[in-house]
Amino acid sequence: MTSNKKLWIFLKGLIAENPVLVLVLGTCPTLAQTGSVIAALSMGIAATAVLVCSNVVISALRKIIPDTVRIPCYIVVIAGFVTVVQLLMQAYLPDLYDMMGVYLALIVVNCIILGRAEMFARKNNIIDSALDGLGMGVGFLIALLAMAVIREVLGAGTFAGIEIPFMADYKIPILTMAPGGFLVFGILIAVVNKIGPKKGEEKRKNFSCEGCPSATLCGKVSCAENTELVVNVKEEEVEDNGN
Amino acid sequence: MSEKLLKKENIKPIVVLSVICLVVAALLGGVNLLTADVIKAAEEQKVYDSLREVLDGTFAPAEIPEGAPESVTALYKVTDGDADVGHVVTLKVKGYAGDILMTVGVDADGKVTKAVITAQSETHGKAGMANYTDNYAGVSSDTVSDVELFTGATVSSTAIKGAVIDALNTVTGGSISSPDNGGEEALPKTDEEIKAVCEGMVEGDITLTDLAPDGAPDTLKRAYDAGDSGYFLYIVVPGQYVPVATEAVVHINNDGEIIKVNLLQWVVGHDVTSGDFADGFIGANKDTAGEVELVTGAIGTSGDFRDAVKAALVYFVEEYELGEALPKTDDEIKAIASEMAGKALILSDFAVSSAPETLKRVYSAGDDGYFLYIVVPGAYVPVATEAIVHLNTDCEVVTVNLLQWVVGHGVEPGDFADGFAGTNKDTVGDVELVTGATGTSGDFRDALEAAVITVADGDAAKERLLLKKIEALVPNAEGFDTVELAADAPASLKKLYKVVGYDGYVAYIITSTKYVDVETESIVYINSNGKVGNIQLLTWTVGHGVEPGDFASTLIGKDAEELGDVELVTSATVTAGNLRDAIVDAIGVIPVDHTPLIVGIAVLVLSLACTIAIIIIKRRKNR
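Residues numbered from 1 in each chain as written. Chains lettered and ligands numbered in written order. Predicted model: local features only at pLDDT ≥ 70, side-chain atom pairs only at ≥ 80, totals over all residues. Heavy atoms only, no water.

## Remarks on the packing of aromatic side chains
All names here are of chain B.
Next up, step 1: Applying the stated rule across the entire model yields 7 aromatic pairs over all chains.
Next up, step 2: Each ring, one from Phe-281 and one from Phe-305, has its centre 5.8 Å from the other, and the planes form 90°; the classification is edge-to-face. Of this pair, Phe-281 sits in the loop between β10 (258-265) and α6 (299-320) while Phe-305 sits in helix α6; the two residues are 24 residues apart in sequence, bridging distant segments of the chain.
Next up, step 3: Phe-281 sits in the buried class, given a relative accessible area of 0%.
Next up, step 4: Centroid distance Trp-405 to Phe-416: 5.8 Å. Interplanar angle 50°. Geometry classified as tilted. (Phe/Tyr/Trp six-rings, centres within 6.5 Å; stacked < 30°, edge-to-face > 60°. Helix = DSSP H or I, 4+ residues; strand = E, 2+ residues; numbered from the N terminus. Buried < 20%, exposed > 50% of the residue type's maximum accessible area, 1.4 Å probe, protein only.)

Given below as structure tokens:
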């Protein structure tokens, strides 16, 4: 792979395949932790750390882990890393730990991490997986920050806890609450989808079936480019059953 | 067939998964080792920081007084040099989504300095709750009930309010009731309206303190302490003959006599006015209130009301001991007690059953023992002999502080009071009397003896002593819950406690033999496997001075069956045998907990079944 390809693995996570705004994964922590910039920052960094580590480990073990138990194995690895992050935060950053509360532990079931393990890490080498993890993590962080800035500045009139003098009279409190969160989220998704690469063609070129949100509905036959992939997979299955 | 089962495809997943789990577990163990101490230190630091946030000075841990609310987790006394700055209480209360940990500082005047939340997982933002606790700065026991709850977070703020009230109660020894979260009876008048009526009944201003009468008659809805002006009772009697209740505010003085009855609502079926009925109560006390003339034509309603007033008076006078003015107030007694101990004590009322007339007050001071306030009426002079007696936790006299001693002819008590030091309930009656005042000193000695016996033999004191010994038997326990014994429980099993925070039970066993008059008392810790974990013989007496030796230790680690084979004490086989049998009986009473075992077996069987099923299905697929 050329270095361009490697760069693209990292870059695609930022906008083109932003996990939150394009792949629509990990929406729970996105909505919960974007009430304040500091919370968003902590969540983004914690999730990125876990993502990179778990991607690396899962990629390293991809030849060893049998298909039948791959999900439990992935979860154990992810949960292990999340617990490590939890313990380290509790020991050395107790204030941040308190602020994140239960959402720190919920990173285990953050779809982004399991999703990337499934979609990417188990089929690619360690370096690529690490880059993908980093890209997705940073993309997650960017999305969180974008939302958090909007929600905190416009909703609470502060930025990272610092009062903004003229905002006090113009703040829109609903933005810090759930309905406002969904509103901002939806608008951001719309904006990114508008300015980002056209979804139609891109999807077929760069997506695998596992990465496509409509996979279960389409039965893997509607993406023309992927038909070949599907045929190959079906052939492999037939061979297996013959054994 | 077994070959196929053990084929690589089937074994490999299990092995790989297990190995990954082990490796991750090891990694977590390592990180935990690294961070556990740091985390603990950080948590403690947070608590200490919160302590200093509410009150500044030198902190000294203090014992939580008995009867303090359950929510209190720790108590600290804060001083600045010699000055008493106040107390800090840490509490844990149940909030909406979990426990709320709080730290409340109370200054020496009984006012809250600050209340902070140290940990919470409530669903509403931290900022809101943190600001809410500011409302409690400066409140005292009188004003705390007025603090409003936090709209939209009623459960959380009720818990916080309850915590502050508990803190105030613990430090001041008061007993304000915690706020109710709804479910309270709707009264015809609100508290404010009632208080307004009370204030309207007297000239000048009065301060009313809410009282929370325990065990008050149903019709006595509210009671207020008006200091020197006496008390106000708010009585509501449901209408029997009409659907309207009779409502009144009764003003009594500090001697329990009625000053005025204000009938707020009086309705009878057929238009008979109360007339002079209310005034008929003036001057009545708990004994005479039942004789007030009823209203002709409304005997039922006025009779119900008269009964309610009488019941309220009887209850109130007994509960608050009206009409019985003691030479010293409770606060004065407590202050002198603290002086005697040489340090600030937290005293709580100690209940004793059938106390002698002369024993006016008993206070428990935790590890410092008990303080008794004794007043003996003067038989030879019209002045009472007054004393505060300090007993240690074993009910031995430490000091007798004679506050008042007057005899007819100027005889000083001299070393009389000191003569009691070190005596207990058996020896206190032998203390030398004062020559020339044998009557007065004799009366006092008798009163003191009766008092010490009451406290020492009282169930509460006995239980406390027993629990102290049990605590030493099971040091890892957090507490002990009394277990009710069934009617067919063995006679030797006097008390059974379930250990809290640890497993097992503690049995208090008394056995006797026909050979000696004294019983053998012992406490036995039995773990959840039905084995003797620890045992202590509290008393052991046999006719001819044979020591139990290592008998008790040979019982440890044995279950009911093995106990039957234990070697008994030579020459005391009956006593030892009775004890052993009693322990076996006690083990038989204790429920053995099989649930962990059952759950474990069920999980194992289930997973085995699933694995076999999966393998079978796979084989079918491959066929």
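## Some thoughts on the environment of A:Gly161
All names here are of chain A.
Next up, step 1: By secondary structure assignment, the location of Gly-161 is in the loop between β1 (158-159) and β2 (162-163).
Next up, step 2: With a relative accessible area of 56%, Gly-161 lands in the exposed category.
Next up, step 3: Sequence separation between Gly-161 and Ser-36 is 125 residues; the distance between their C-alpha atoms is 7.7 Å.

## Points about the interface of chain A and chain B
Next up, step 1: Each side of the interface is counted separately: chain A has 21 residues, and chain B has 20 residues.
Next up, step 2: Between chain A and chain B lies a buried interface of about 1,700 Å² when both sides are counted; carbon and sulfur atoms form 77% of it.
Next up, step 3: One can count 1 residue pair in polar contact (both at pLDDT 80 or more) joining chain A with chain B.
Next up, step 4: In terms of residues, the side of chain A that touches chain B owes the most to one element, helix α4 (residues 70-92) of chain A, which gives 12 residues. (Contact = heavy atoms within 4.5 Å. Buried area = accessible area lost by both parts, 1.4 Å probe. Polar contact = N/O pair within 3.5 Å; in protein donor to acceptor, adjacent residues only side chain to side chain.)

## Looking at the nonpolar core
Next up, step 1: A:Leu21, A:Val50, A:Leu104 and A:Ile107 are the most contacted members of the largest nonpolar core, which totals 49 residues.
Next up, step 2: Looking at this core, the elements that each hand over two or more residues are α3 (37-60), α4, α5 (94-100), α6 (111-121), α7 (126-156) and α8 (178-195) of chain A together with α2 (8-54) of chain B.
Next up, step 3: Leave out the neighbours within four places in its chain, and A:Leu21 touches A:Ala143, A:Phe185, A:Leu188, A:Ile189, A:Val192 and A:Asn193. (Core = buried A, V, L, I, M, F, W, Y, C linked by side-chain atoms within 4.5 Å.)

## Details of the packing of α3(A) against α7(A)
All names here are of chain A.
Next up, step 1: Relative to each other, α3 and α7 sit at 165°, their axes nearing to 8 Å. It follows from the interaxial angle that α3 and α7 lie roughly antiparallel. The handedness of the crossing between α3 and α7 is right-handed.
Next up, step 2: The residue makeup of the contact of α3 with α7, split by class, is 21 nonpolar, 7 polar and 2 charged. (Axes fitted to C-alpha atoms, helices over the stretch in contact; angles between N-to-C directions. Parallel < 35°, antiparallel > 145°, perpendicular 65-115°, else oblique. Left-handed = near helix turned anticlockwise from the far one by under 90°. Nonpolar A, V, L, I, M, F, W, Y, C, P; charged D, E, K, R; others polar.)

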